[in-house]
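Fold and contact review
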Amino acid sequence: MNESPEQVRRISFRDLLTIFFSKIHVFLGILITIIVVTMGVAFLTDPIYKVTGNILVKPLLEQGVKLMAPPSTQMSTQPVRIQDITSEVSILESPQLLSMVVKELDLTKEEKPKNFLSRAGLYLMRQAARLMVALGLSVQPSPEDQAVLALKKKLDILPIALSNVIEISLTGKSPERITKIVNTLMSNYVEYHVSLYRAKGARVFYAAQAQLFAQSLKKAEADLEAFKKEWAIIDI
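Summarised in this report is the structure supplied together with it.

Thresholds applied
- Throughout, a residue's number is its position along its own chain's written sequence, starting from 1.
- For this predicted model, a pLDDT threshold of at least 70 governs which residues receive local features, and a threshold of 80 or more governs which side-chain atom pairs are given and counted, while totals over whole chains, interfaces and linings are taken from all residues.
- Water and hydrogen atoms play no part in the side-chain values, which are based on all heavy atoms of the structure.
- Helix and strand labels come from DSSP, where a helix needs a run of H or I of at least four residues and a strand needs a run of E of at least two; each type is numbered from the N terminus.
- Accessible area is worked out with a 1.4 Å probe on protein chains only. A residue is then buried under 20% of its type maximum, exposed over 50%, and partly exposed in between.
- Contacts: residue pairs with any heavy atoms within 4.5 Å of one another.
- By definition, two strands form a pair when at least two bridges between them are found by DSSP.
- Only the contacting stretch of a helix is used when fitting its axis, a line to C-alpha atoms as for every element, and angles between N-to-C directions run 0 to 180 degrees.
- Each angle gets one of four labels, with under 35 degrees taken as roughly parallel, over 145 as roughly antiparallel, 65 to 115 as roughly perpendicular, and the rest as oblique.

**Overview of the environment of Gln146**
- Secondary-structure assignment places Gln146 in helix α6 (residues 143-154).
- On the accessibility criterion, Gln146 (32% relative accessible area) is partly exposed.
- Separated by 39 residues in the primary sequence, Gln146 and Leu107 place their C-alpha atoms 9.6 Å from one another.
- The contact partners of Gln146, leaving out residues within four places of it in the chain, are Gln140 and Pro141.

**Quick notes on the sheet that holds strand β1 (residues 49-56)**
- One open sheet holds the three strands; their spatial order is β1-β5-β4, and the pairing between them is antiparallel. Because the sheet does not close on itself, it has two edges, and the strands there are β1 and β4 (155-159). The average angle at which neighbouring strand axes cross in this sheet is 20°, direction not considered.
- Seen against the sheet, α6 touches β4 and β5 (165-172) and runs at an angle of roughly 50° to β4.

**Observations concerning the packing of helix α4 (residues 95-105) against α6**
- The interhelical angle for the contact between α4 and α6, taken along N-to-C directions, is 110°, at an axis separation of 9 Å. In terms of orientation, α4 and α6 fall into the roughly perpendicular class. Residues Pro95, Leu98, Ser99, Val101, Val102 and Lys103 of α4 form the contact with α6, whose own contacting residues are Glu144, Ala147, Val148, Leu151 and Lys152.

**Focus on the side chain of Ser99**
- Summarising the element assignment, Ser99 is placed in helix α4.
- Residues in contact with Ser99, not counting those within four places in the same chain, are Glu144 and Val148.

Encoded structure:
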């Protein structure tokens with residue numbers, strides 16, 4: 001039985017050009033489709049902007065306070081721990097703080113989209129939410145709660161690795177609006193943080209003072225009993 005040797009045909013550059021030009025209408029169609037879709041999405045949707053802000057978590061300073069003595073001028077510093085940074089992130093994401101931002105900037109009024117696709121998407125989302133409420137599958141929250149939830153979803157609050165810095169990022173369709181939101185959040189965070197730790201420090205301080213007063217009272221009572229025994233004083 002004779003076997004015919006296989007013939008290997010090499011494709012030349014001319015053959016490649018022939019194939020390309022024979023299918024050039026397909027390539028042009030794909031290219032034009034990509035350009036048209038890209039331009040349509042660009043013109044029919046709103047551009048997305050991003051604003052970023054940073055918060056530096058500083059070490060806590062403790063000042064020793066002694067009863068019936070002037071405050072000590074020596075200050076001790078506690079190093080910033082991972083738990084401290086996590087606590088600050090939780091404060092930034094807390095509903096109480098976000099509610100302050102929503103009330104101050106009146107974020108219950110939603111920003112109206114400018115382009116058709118964005119308006120159509122927002123309309124479909126609203127209709128779907130109403131349908132869920134009508135079917136009893138969801139509960140209609142108040143406008144303020146809706147604004148707080150929407151703000152929390154858009155915010156991206158993350159600690160930067162190997163640092164004491166927390167990064168706050170917010171995306172949106174209006175650069176002025178999202179810049180104002182981030183700045184208001186950071187300013188309200190400072191006030192909220194001070195109020196929280198001031199209350200905590202006051203509780204610790206008064207608890208320490210009460211303990212010192214209790215110890216002083218016990219010592220005074222013991223001294224009084226010793227004085228009575230020494231001088232044979234009888235209570236009447």
